[in-house]
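# Structure assessment
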Amino acid sequence: MLTRSAAAAVAAAAAAAAPIVAAAAAAAAAAAAVLCAAPAAARADSGRLNLHLDAGYARPLGGVLAEAAPAGGLSLSLRADVAVVSLLAIEVGYSYEPFFTDPASELVSVSLLSLQHLGGGVRLNILDDQAGWLGDPGGNVLGTLWASVDGGVGFVPTQDGVKPGFALDAGLGYSLSLVKPLSVGLFARFTRYFVTVEGLAGGRTLNGVNVLSFGVDVTASVGASPRGGGGGSKKGDADGDGLSDAEEDALGTDPTLADSDVDGVPDGVEKRAGTDPLSGDSDSDGLGDGEEDKNKNGKLDPGETDPKKADTDGGGVNDGAEVKYGMDPLKKGDDNPDLILKAAGATTDTKDGDADGVADGADKCPGTSSGETVDGDGCLPLGDVEVLFGLGFKAGELDPATLPLVDRWVAVLRDHPDLLIEVGGHADGAKASAVGLVKWSKARAEAVKARLVAGGIPEARLLVKAYGGTAKLDKARTPAAIEGNNRVELKKLGPYDPAPPVPAAAPGPPGAP
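Model, not experiment: these values are computed from the prediction.

## Comments concerning the overall build of the protein
Each helix and strand counted, the protein has ten helices and 14 strands in total. Across the protein, contacts joining residues at least 24 apart in sequence account for 57% of those joining residues at least 6 apart. About 24,800 Å² of surface is accessible on the protein, with carbon and sulfur atoms providing 62% of the total.

## Overview of the packing of aromatic side chains
Applying the stated criterion across every chain yields a total of two aromatic pairs. A cation sits over an aromatic face here: Arg 123 above Trp 146, 4.0 Å from the ring centre. Over the face of the ring belonging to Phe 194 we find Arg 192, whose NZ or CZ atom lies 5.0 Å from the ring centre.

## Notes on the pattern of salt bridges
One pass over the structure, following the stated rule, counts 14 salt bridges. Across the pair Arg 123 and Glu 91 runs a salt bridge whose closest N-O atoms are separated by 2.9 Å. Placement of the pair is Arg 123 in strand β4 (residues 112-128) and Glu 91 in strand β3 (residues 88-100), with a sequence separation of 32 residues. Neither Arg 123 nor Glu 91 differs from the other in exposure class; each is buried.

## Things to note about the sheet that holds strand β12 (residues 419-426)
Read across the sheet, four strands follow the order β9-β14-β12-β13 without closing on themselves; strand pairing throughout is mixed. Because the sheet does not close on itself, it has two edges, and the strands there are β9 (385-388) and β13 (462-468). Taken over all neighbouring pairs, the strand axes of this sheet differ in orientation by 25° on average, direction set aside. Note: β12 against strand β14 (residues 487-495), eight bridges, orientation antiparallel. Note that in β14 the partner of His 426 across the bridge is Arg 487. Helix-sheet contacts for helix α8 (residues 403-415) involve β9, β12, β13 and β14, and the interaxial angle to β9 is about 160°.

## Some remarks on the pairing of strand β6 (residues 161-179)
Relative to β6, strand β5 (residues 144-158) runs antiparallel, the two sharing 15 bridges. Looking at the pairing, Asp 150 lines up with Asp 169 of β6. Of the strand pairs in this sheet, β6 and strand β7 (residues 182-197) are connected by 13 bridges, and their pairing is antiparallel. Pairing of Val 179 across the sheet is with Leu 182, part of β7. In this structure, the hairpin formed by β6 and β7 is closed by a connection of two residues.

## Digging into the nonpolar core
One finds Val 448 and Leu 452 to be the most contacted residues of the largest nonpolar core, which totals 22 residues. Broken down by secondary-structure element, the contributors of at least two residues to this core are α8, β12, α9 (434-454) and β14. Those residues in contact with Val 448, other than ones at most four positions away along the chain, are Leu 388, Leu 391, Leu 398, Val 406, Val 423 and Val 488. Counting residues in each nonpolar core, the second largest holds 15 residues, with Leu 65, Leu 113, Tyr 193 and Val 211 among its members.

## Focus on the side chain of Lys 296
Take Lys 296: it is sitting in the loop between α5 (289-292) and α6 (319-324). One buried charged residue, Lys 296, forms no salt bridge at all, with the nearest opposite charge on Asp 293 at 6.9 Å. Looking at Lys 296, its side chain comes within polar contact range of the main-chain oxygen of Lys 294, at 3.0 Å.

## Here's the deal with the pairing of β12
With eight of its eight residues buried, β12 lies for the most part within the structure. For the handedness criterion, the β-α-β arrangement of β12, α9 and β13 is classed as right-handed.

## As for the side chain of His 117
Its place among the elements puts His 117 in strand β4. Setting aside anything within four residues of it in sequence, one finds His 117 in contact with Gly 93, Tyr 94, Ser 95, Gly 151, Gly 152, Val 153, Gly 154, Ala 167, Asp 169, Thr 191 and Tyr 193.

## Some thoughts on the environment of Leu 51
Among the structural elements, Leu 51 can be located in strand β1 (residues 47-60). When the C-alpha atoms of Leu 51 and Ala 80 are compared, they prove to be 4.5 Å apart, with 29 residues separating the residues in sequence.

## As for unusual backbone geometry
In this model, Val 262 sits at a positive phi of 50°, which is unusual for a non-glycine residue. Residue position: Val 262 is located in the loop between α3 (245-251) and α4 (267-273). The phi dihedral of Ser 284 falls on the positive side, at around 55°, and the residue is not glycine. Relative to the elements of secondary structure, Ser 284 occurs in the loop between α4 and α5.

## Side note on the confidence of the model for the protein
The predicted model of the protein averages 78 in pLDDT, with 74% of residues at 70 or higher. Summarising per-element confidence for the protein, the mean pLDDT is lowest in helix α1 (residues 6-37) (42) and highest in strand β2 (residues 73-83) (93). Here residues 224-234 is a poorly scored stretch, pLDDT under 50, and it has 48 contacts once near neighbours within four places are set aside; other chains count.

## Some remarks on the packing of α8 against α9
Helices that pack against each other are described as a pair by the angle of their axes relative to one another and the distance between those axes. Two numbers describe how α8 lies on α9: the axes approach to 9 Å, and their chain directions differ by 55°. With respect to α9, the element α8 is oriented oblique. You can see that α8 and α9 cross each other, and the crossing is right-handed. Residue-level contacts link Leu 403, Val 406, Asp 407, Trp 409, Val 410 and Leu 413 of α8 to Val 448, Arg 451 and Leu 452 of α9. Looking at the contact of α8 with α9 residue by residue, the classes come out as seven nonpolar, no polar and two charged.

Conventions used here
Residues numbered from 1 in each chain as written. Predicted model: local features only at pLDDT ≥ 70, side-chain atom pairs only at ≥ 80, totals over all residues. Heavy atoms only, no water. Helix = DSSP H or I, 4+ residues; strand = E, 2+ residues; numbered from the N terminus. Contact = heavy atoms within 4.5 Å. Areas by Shrake-Rupley, 256 points an atom, 1.4 Å probe, with all protein chains shown as cover. Phe/Tyr/Trp six-rings, centres within 6.5 Å; stacked < 30°, edge-to-face > 60°. Lys NZ or Arg CZ within 6 Å of the ring centre and 35° of its normal. Salt bridge = Lys/Arg side-chain N within 4 Å of Asp/Glu carboxyl O. Buried < 20%, exposed > 50% of the residue type's maximum accessible area, 1.4 Å probe, protein only. Pairing = 2+ DSSP bridges. Axes fitted to C-alpha atoms, helices over the stretch in contact; angles between N-to-C directions. Core = buried A, V, L, I, M, F, W, Y, C linked by side-chain atoms within 4.5 Å. Lys, Arg positive; Asp, Glu negative; His and termini not counted. Polar contact = N/O pair within 3.5 Å; in protein donor to acceptor, adjacent residues only side chain to side chain. Right-handed = clockwise from strand over helix to strand, strands pointing away. pLDDT = per-residue confidence, 0-100. Parallel < 35°, antiparallel > 145°, perpendicular 65-115°, else oblique. Left-handed = near helix turned anticlockwise from the far one by under 90°. Nonpolar A, V, L, I, M, F, W, Y, C, P; charged D, E, K, R; others polar.

Here is the structure:
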């Protein structure tokens, strides 16, 4: 018989498991200590220290145990690995495999027979996606194809107690990167227990045990450092985007945010690909960099538009417009500019009466002065904040010599009649008091507002604000700096509604109809 009784088998398994689990815990603690002391390894969809819980079905292959437990059993294991180089990790683990024996078998006298294995070896990440977990910037569900080989001590219960012997374990599996730090996948293992047990029923001898197991693997990564699309862990890379903090400082990207422009592509990937990590749409074609580089790997793959080229197919219509109007941005022959004009309610007439580069049929601001730069609608552009420098004042009024500077903005505001504008005055002076600067800045803003109103801009659209000297552009006390701080800013505040609000009717007396 392999064991004396079911109770004795379970007790022996538990007694053997206690020191094994303790040893495994000690090994994991040692691995964690190595993790803290060692430099970061370049792993992508895993971490420096990875804890694996495997659960599945185990079946003995041939021999005495296969006859005694034809239904097989369970496979449970706890493993930990520490990365030493990009693809290689050192692994330790403990396995527990209880088998359900055939009551009719004369080879064993228990209903549950357990094998155990404690060992260590290597784990090889054959294919590591290197994009990070699903949910990370640039990450995806693809993970790691791995293989492992462990050697150690195996334990087989016998009539006289638990008998140790050499055990060899080989595994293969694939893990999907779900939510950091968890990965889930499938595994298959083959374990050989080199243990001989003589004197079984009928003079039989147990010459080792072969076990095949397969099931589900759940991995938790500790000290995880995804490479943000293949950049590798770098010293001083706080956000793990593949750029060192020093590189980010030089580029102007955010060292605490892996994707500074929030376009879905990590900064490191954009830097290597040649797109702008500070612009969500590097080629200004109306499609974000993350929309064009669909798998966020920084490469122009089949089926993707080029985030560095506004018109990928060279057909004459930008990629964003092609997608919007049902054209194929990868097919040159279907580019149709007239379709876009018709969809916008414009004519396909190419006449341009004001010679501003926008055809009359699409020009929302006809009559633009010759030589002016206009936007796509044919209107004078208005930024969020426009600064008016060089304004001269005499006795609180605009110097006539500088009136043309203000009059140009009358034309600009006419082209944008739906916006509410703040006219902000700023002042500076070598010996002026704070109160004096506020008074001075208010006079400047009021003078500019008066000129804009005289040019036909509704007064209700213009709100004056006096900043005094609280928002200096240059804090130096040089004449040039002081002159530059004396300015007026036109700032967009939001939409302008010319209709005054209708006051609510006052409630009537109680009982009134």
